[in-house]
Amino acid sequence: MINEYSKIGVLKGIGEKTEQIFGKVGIATVGDLIRYYPHRYEVYEDPVPIGEVQEGHTVTVTGAIYGRVSVGGSPRMQITTLYVKDLTGTLKVIWFRMPFLRSTLARGGVITLRGRVIRKRDGLVMEHPEMFYPSAKYEEKRHTLWPVYPLTSGLTNNMVTKAVKQALEVCDVGTGILSDRFVEAYRFVSYKDALCGIHFPETKDEYIRARERLVFEEFLLFILSLRMTKVKKERVKNHYCFREQPEIEEFLLRLPFELTNGQKEVWREIRQDMTGVHVMSRLVQGDVGSGKTIVALLAMLYAGLNGFQAAMMAPTEVLARQHYENITHMLLEYGISLRTELLTGSMTAKEKREAYARIAAGEADFIIGTHALIQEKVEYKNLALVVTDEQHRFGVRQREMLAAKGLYPHILVMSATPIPRTLAIILYGDLDISVIKELPKNRLPIKNCVVDTSYRTTAYHFMKKQIAQGRQCYVICPMVEENETTEAENVIDYTEQLQAEMGDSISVQYLHGRMKQNEKDRIMEAFGKNEIQVLVSTTVIEVGIDVPNATVMMIENAERFGLAQLHQLRGRVGRGSHQSYCIFISASKSKETKERLEILNKSNDGFFIASEDLRLRGPGDLFGIRQSGTLDFGLADVFQDSGLLQRANEAAEELLLEDPHLQKEEHRMLKKAVEHTVAAVALETTL
Ligand code: ADP
Ligand code: MG
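Everything quoted here is computed from the prediction, not taken from an experiment.

*Asks:* Any chance you could explain the site of ligand 1 here in plain terms?
*Replies:* Around ligand 1 there are 18 residues in total, and Gly289, Lys292, Thr293, Arg443 and Arg575 lie nearest to it. Arg443 is positioned such that a nitrogen or oxygen atom in its side chain is 2.5 Å from an oxygen atom of ligand 1. Note that an oxygen atom of ligand 1 is positioned 2.7 Å from one of the side-chain N or O atoms of Arg575. About the coverage of ligand 1: the protein hides 88% of its 570 Å² of free accessible area. Taken together, the residues of the shell around ligand 1 sort by class into 5 nonpolar, 7 polar and 6 charged. Here the shell around ligand 1 spans two domains, since at least three of its residues come from each of domain 2 (262-278 + 291-415) and domain 3 (447-603).

*Asks:* Got a minute to help me understand the pairing of strand β3 (residues 78-86) in this structure?
*Replies:* Looking along a regular strand, one sees the side chains alternate between the two faces of the sheet. As paired strands, strand β2 (residues 58-73) and β3 are joined by 7 bridges and run antiparallel to one another. The residue of β3 that forms the bridge with Ala64 is Lys85. Counted between consecutive antiparallel strands, the loop separating β2 from β3 contains 4 residues. Alignment of β3 against strand β4 (residues 89-96), held across 8 bridges, turns out to be antiparallel. The partner of Leu82 across the bridge, within β4, is Val93. Where β3 hands over to β4, the hairpin turn is made up of 2 residues, counted between the paired strands.

*Asks:* Mind showing me how you'd approach the side chain of Arg114 here?
*Replies:* Here Arg114 shows up in strand β5 (residues 110-120). The class for Arg114 is buried, based on a relative accessible area of 6%. A distance of 2.9 Å separates a polar atom in the side chain of Arg114 from a polar atom in the side chain of Glu42. Side-chain polar atoms of Arg114 contact the backbone oxygen of Val43, separated by 3.2 Å. When neighbours within four sequence positions are excluded, Arg114 is seen to be in contact with Glu42, Val43, Tyr44, Glu45, Thr58, Val59, Thr60, Met126, Pro129, Glu130, Phe132 and Tyr138.

*Asks:* Teacher, can you tell me more about the sheet that holds strand β8 (residues 281-286) here?
*Replies:* In a beta sheet, neighbouring strands pair by backbone hydrogen bonds and run either parallel or antiparallel. As summarised here, the arrangement of the 7 strands in space is β10-β11-β9-β12-β13-β8-β14, forming an open sheet in which the pairing is parallel. Each having just a single partner strand, β10 (340-343) and β14 (432-436) make up the two edges of the open sheet. Averaged over neighbouring strand pairs, the angle between their axes works out to 20 degrees when direction is ignored. Pairing between strand β9 (residues 309-313) and strand β11 (residues 366-369): 4 bridges, direction parallel. The residue of β11 that forms the bridge with Ala310 is Phe366. Against the sheet, helix α10 (residues 261-274) engages β8, β12 (383-389), β13 (410-415) and β14, with an angle of about 160 degrees to β14.

Conventions and cut-offs
Residues numbered from 1 in each chain as written. Chains lettered and ligands numbered in written order. Predicted model: local features only at pLDDT ≥ 70, side-chain atom pairs only at ≥ 80, totals over all residues. Heavy atoms only, no water. Near = heavy atom within 4 Å. Polar contact = N/O pair within 3.5 Å; in protein donor to acceptor, adjacent residues only side chain to side chain. Areas by Shrake-Rupley, 256 points an atom, 1.4 Å probe, with all protein chains shown as cover. Nonpolar A, V, L, I, M, F, W, Y, C, P; charged D, E, K, R; others polar. Domains from an automatic or database assignment. Pairing = 2+ DSSP bridges. Helix = DSSP H or I, 4+ residues; strand = E, 2+ residues; numbered from the N terminus. Buried < 20%, exposed > 50% of the residue type's maximum accessible area, 1.4 Å probe, protein only. Contact = heavy atoms within 4.5 Å. Axes fitted to C-alpha atoms, helices over the stretch in contact; angles between N-to-C directions.

Spelled out as structure tokens, the structure:
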């Protein structure tokens, strides 16, 4: 019998090579496969007349193949082009890296194509569509809901769909981790129905019921794994000795700005924590641009000037380097003789060894970097403080890793994610929470506008004017569908077009996730120095980047992002004293999209935006955009599912009251899953 622990190779049609490809997204067993959830669903609508096709929409068209199918482009990136024609018009269609299509598609054949239409230099183009040939094949899918899975190169949606379908048919998925009593009490659907309903829902209701059970399980596991870890709540004694440092007061006086009241208050709390009986565990929440970095720096100075080491951990290398450079620069400028060290995963082995040596010898006071900071090889001389920036899960595990080295430092977590307080308490029950409510006074509120694509040229003119005044701009590139490999092409293509538009005196450069680390660093550094005026990017710049001279953020396809993410993106501007602007471009005509974007248009307040987003989307939003970067659950979303989170929390309380160690037979599966979750989180944080 095939069960969830069987390797996926037992499924028909999955050979060694396919197994490896699935391995790239972390699927090894049948269980992994059936828990590889779609990230959205497609509805296959009726084809539209080609003459009515609009930019920015995903549509289906049916027509005859017009003329010859040609293959061009470069050998590395072959582009197959065809024209499809119906009574109302002709549309250009291209595919990347699929030259073999030419021999399968006959001139005059009737074909149905479904894909996103974008505007290129020579007009509208449907890029990399799904193809139904002959056209009759489309009938099978018409009006059905189809899962869309996260993919990687080599892994197609069809491969995943087929494999999941087969797995659900042949595999005994068991009854899931919830006891029968539980399922009855909460009136959940069965585990099998939940899995079928999440992958292949026949109705929206089926999807909602399926999702409800699975999300509840995710939350329950998460909460239980937090509760089951012993370090929590056991407050560690503070054995570090801190004295007031007059140099910090001087530093504050010489800063070009005064701290906001919120910053002052948090700084006071931090000093109190660091001189208290127990070590600090504090979460500082503050909207983008509220000035969290300086507060973190004060805490680091406090440690450093008292003769201790302080570490600062950032989620990305770009951000780590930015912090490193800013902090190094400030120390120099203010004549504070503390030494900084950068530590990131992309450094060479030799560079790392040298850095380790300086850290161990106490020749580095501030150590700034990525996760590499808490890896086992790093030996600190006298670490007293760990700051994590924009990190939402600095949790029990990371603390345990430090504890394993005999380290119990003060912990300061900085986050811009607007999590409601009640939620924060569930999630970070072991942290004290500070909130910086106001933005620095010198800020002019960002001016927003939501416009359609016809406004693009006007926006470019506006950017030119801003650049003439010495300012800089960001453009978030249109998103490409599913196919990760073309994302880079897309950014490069867009950059070329924009460069032509802007003229030679303006430097337009791009940044995307697939670039090498040192390339990214080089671009960010040049942008920081205004050697680049326009930065075209994917969402890699979302987190934390601080270039106060940038005043324009233009976001293409704004409708495809979650509000919280758009708010983060917008937070890249409005960071200095100049008036800043955010232009949301959206081709969508739907009322919901307009209403959603209108929230951003009206408000610059992250907390308000998150709650409005939640209100508008409501539970079980089938096509809603998952908030990225909040907490990495498979399905659950702490905003959208806050009701279920609350219920799971209550359930966890009851459960642990009744069976503190989950020893009862009916909790056997649950216990196993909790242990597994704890281990998985541990693994994740060691990578
Ligand atoms: P975030 O909270 O998003 O991490 P940062 O710490 O990057 O924000 O701060 C954004 C910008 O605001 C930085 O350029 C910083 O120097 C500046 N800043 C911080 N505090 C103040 C303040 N009290 N007054 C004016 N500017 C400030
Ligand atoms: Mg920041």
